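# Per-entry structural report
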Amino acid sequence: MLKDFQADYIVVGSGFAGATIAERIASKLNRKVLVVEKREHIGGNSYDYYDENGFLIHKYGPHIFHTEKKWLWDYVSNFTDWRHYIHRVLAYIDGKKVPLPFNLNSLYGLFPTPKALRLEKKLLEKFGPGQKIHILELRSAQDQELKELADFIYRKVFLNYTLKQWGMRPEELSPEVTGRVPIFISRDNSYFQDRYQGIPHEGYTRIFERMLSHPNIKVLLRTDAREIIQLDFLYRRIYLNGREFQGRIIYTGPIDELLDFKYGELPYRSLRFQLEVHPVEYYQEVAVVNYPNDYAFTRITEFKHLTGQAHPKTMIAKEFPQEYRRDEPGKDIPYYPILREDEVEKYMRYRREIEKFDGKILLVGRLAEYKYLNMDKAIEGSLVLFENKIK
Ligand SMILES: Cc1cc2nc3c(=O)[nH]c(=O)nc-3n(C[C@H](O)[C@H](O)[C@H](O)COP(=O)(O)OP(=O)(O)OC[C@H]3O[C@@H](n4cnc5c(N)ncnc54)[C@H](O)[C@@H]3O)c2cc1C
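Residues numbered from 1 in each chain as written. Predicted model: local features only at pLDDT ≥ 70, side-chain atom pairs only at ≥ 80, totals over all residues. Heavy atoms only, no water.

### Focus on the overall build of the chain
Across its full length, the chain carries 13 helices and 22 strands. For 391 residues, the compact-globule estimate of 2.2 N^0.38 gives 21 Å, and the C-alpha radius of gyration of the chain, at 23 Å, lies within 12% of that figure. Counting only C-alpha atoms and orienting by the principal axes, one finds that the chain spans roughly 75 × 50 × 40 Å. Expressed as a percentage of its 391 residues, the buried residues of the chain come to 57%. Roughly 18,300 Å² of accessible area belongs to the chain as shown, and the carbon and sulfur atoms make up 48% of that amount. Once the 60 positive and 55 negative side-chain charges of the chain are each reduced to a mean point, those two points are 1 Å apart. (Helix = DSSP H or I, 4+ residues; strand = E, 2+ residues; numbered from the N terminus. Rg over C-alpha atoms; globule rule 2.2 N^0.38 Å. Buried < 20%, exposed > 50% of the residue type's maximum accessible area, 1.4 Å probe, protein only. Areas by Shrake-Rupley, 256 points an atom, 1.4 Å probe, with all protein chains shown as cover. Lys, Arg positive; Asp, Glu negative; His and termini not counted. Charge placed at Lys NZ, Arg CZ, Asp CG, Glu CD.)

Structure, rendered in structure tokens:
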């Protein structure tokens with residue numbers, strides 16, 4: 001079947017990075033694209049599906065689309081309508097549920113009013129309204145009461161959560177990682193402040209179906225690219241099923257895998273999701289409740305809050321972080337790169353090897369770039385790559 005399809009480009013991976021680049025090449029350049037996907041479905045980690053009870057479930061964890069960029073929102077809106085949704089997260093701390101990122105309302109939820117008032121005033125004076133600050137910044141405050149607050153937030157919000165999520169203390173991680181959840185000097189309880197936020201009306205998978213439905217695109221599921229593509233590093237040639245391939249590859253999979261781990265594995269953290277049906281209309285107040293200090297799971301997601309589905313029962317997912325093991329089913333999904341300086345250096349060595357192919361192999365997406373990327377950034381990366389390197 002592959003013989004009948006003369007591809008100009010091969011795209012490895014059908015997540016947002018792969019689907020976007022395939023869609024652009026097919027529709028804007030009118031060239032043929034073979035999308036190779038090793039899973040049994042398209043959509044990468046943004047994939048969702050209906051289970052036997054009729055619940056729409058985000059298989060790889062809750063996904064909320066958000067971006068500051070109108071042009072990016074407009075691009076994705078070509079493939080979906082949106083359900084208006086503002087994401088709110090609560091954290092279960094000392095028996096109470098308070099807004100996350102930790103904000104001025106969280107203060108009032110956890111401390112007696114006179115103390116919360118005092119702390120609010122000090123925070124506003126020191127940092128100014130609407131500011132997002134890193135926990136390390138608050139920890140360096142001179143004021144004794146702010147210092148105590150910083151220690152409290154560090155212990156109750158960051159420390160145990162990070163230990164569970166990463167198996168490491170916050171100090172061992174890049175500040176970029178802990179900084180992803182700031183302290184917000186505001187009464188705004190929304191998790192993201194981006195101007196454009198939403199959940200695709202018919203789910204994420206429908207977006208991918210539309211993006212990849214172009215007649216110039218052929219999708220090959222359940223196929224590991226390594227089974228059909230061979231790279232000749234000496235002569236910088238690419239082979240597809242043993243025959244030289246003259247087109248280009250856009251690779252969105254793990255870069256270390258592409259080079260047979262010759263410099264060692266790049267480390268990842270993995271996750272396990274435990275799904276439960278509960279015979280109540282709603283299980284919790286919002287889509288996501290974090291449990292920094294209690295239980296082995298880090299958070300509970302209730303999908304109905306995201307999807308807006310009406311159902312007499314509800315479905316939740318408890319999320320358990322775990323070690324990533326490439327060869328062990330159940331632990332073999334690389335979710336989050338463990339970003340340490342030496343690992344980034346290892347990544348760069350891999351990248352330099354690929355660059356020797358003089359642009360015949362292009363890298364984009366969270367795995368090929370070894371970065372945490374939100375969906376908007378994965379799409380943006382592919383759109384920019386298309387404009388700068390392909391068009
Ligand atoms: C728990 C969790 C929650 C998240 N929540 C959000 C959120 O709320 N909002 C947001 O914007 N982002 C969120 N993200 C990030 C989002 O998942 C990524 O931005 C998105 O998946 C990136 O797309 P991608 O195409 O780069 O990678 P992926 O979606 O991972 O796609 C890569 C694809 O390549 C395939 N592949 C890999 N190797 C091969 C191979 N050798 N051969 C064939 N196929 C291969 C994989 O099977 C996969 O389908 C979340 C991530 C996680 C882990």
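Next comes the rest of the write-up.
### What about helix α2 (residues 70-77)?
All buried positions along α2 are accounted for by Leu-72, Trp-73, Tyr-75 and Val-76. Taken down its axis, α2 places every buried residue within 160° of arc, on the same side. Of the surrounding secondary structure, the elements contacted by the buried residues of α2 are α1 (16-28), β5 (65-67), β6 (82-84), β11 (196-200), α8 (204-211) and α13 (375-390). (Arc of directions from axis to C-beta. Contact = heavy atoms within 4.5 Å.)

### Regarding the side chain of Glu-257
Considering the arrangement of structural elements, one finds Glu-257 in helix α10 (residues 255-258). The class for Glu-257 is buried, based on a relative accessible area of 9%. At 3.5 Å, the side chain of Glu-257 and the side chain of Arg-226 are in polar contact. When neighbours within four sequence positions are excluded, Glu-257 is seen to be in contact with Lys-38, Asp-224, Arg-226 and Tyr-251. (Polar contact = N/O pair within 3.5 Å; in protein donor to acceptor, adjacent residues only side chain to side chain.)

### Comments concerning the packing of α2 against α13
Their axes nearest at 11 Å, the elements α2 and α13 cross at an angle of 90°. Here α2 lies roughly perpendicular to α13, going by the angle between them. Judged by residue contacts, Trp-71, Leu-72, Tyr-75 and Val-76 of α2 engage Asp-376, Ile-379, Glu-380 and Leu-383 from α13. When its residues are assigned to classes, the contact of α2 with α13 shows 6 nonpolar, no polar and 2 charged. (Axes fitted to C-alpha atoms, helices over the stretch in contact; angles between N-to-C directions. Parallel < 35°, antiparallel > 145°, perpendicular 65-115°, else oblique. Nonpolar A, V, L, I, M, F, W, Y, C, P; charged D, E, K, R; others polar.)

### Considering the site of the ligand
Around the ligand, 35 residues are found, and the nearest of them are Glu-37, His-63, Ile-64, Leu-373 and Met-375. Asn-45 is positioned such that a nitrogen or oxygen atom in its backbone is 2.9 Å from an oxygen atom of the ligand. Pro-62 places a polar main-chain atom, nitrogen or oxygen, 3.0 Å from a nitrogen atom of the ligand. In the complex, 97% of the free accessible area of the ligand, which totals 990 Å², lies under the protein chains. Looking at the shell around the ligand, the elements that each hand over two or more residues are α1 and α13. For the shell around the ligand, the residue count by class is 16 nonpolar, 12 polar and 7 charged. (Near = heavy atom within 4 Å.)

### Examining the pairing of strand β20 (residues 314-323)
For β20, the tally of buried residues reaches 9 of 10 residues, placing the bulk of the element in the interior. Where strand β19 (residues 299-302) lies against β20, 4 bridges are found, and the strand directions are antiparallel. When the bridges of β20 are listed, Thr-301 appears paired with Ala-317. (Pairing = 2+ DSSP bridges.)

### So, the pattern of salt bridges
Throughout the structure, instances matching the rule amount to 36 salt bridges. Ionic pairing is found between Asp-143 and Lys-122, a salt bridge with its closest N-O pair at 3.2 Å. Linking Asp-143 in the loop between α5 (135-139) and α6 (144-166) with Lys-122 in helix α4 (residues 113-127), this pair joins segments that are 21 residues apart in sequence. What makes Lys-122 partly exposed here is its relative accessible area of 24%. The salt bridge partner of Glu-202 is Arg-206, with a shortest N-O separation of 3.8 Å. Under the relative-accessibility criterion, Glu-202 is labelled partly exposed at 39%. Judged by relative accessible area, which is 31%, Arg-206 ranks as partly exposed. (Salt bridge = Lys/Arg side-chain N within 4 Å of Asp/Glu carboxyl O.)

### Digging into the sheet that holds β5
As summarised here, the arrangement of the 3 strands in space is β5-β11-β6, forming an open sheet in which the pairing is antiparallel. Sheet topology places β5 and β6 at the edges, where each strand pairs with a single neighbour. Taken pair by pair, the neighbouring strands of this sheet meet at an average axis angle of 40°, ignoring direction. In this structure, β5 lies alongside β11, joined through 3 bridges in antiparallel fashion. By the bridge assignment for β11, Phe-65 is matched with Gly-198.

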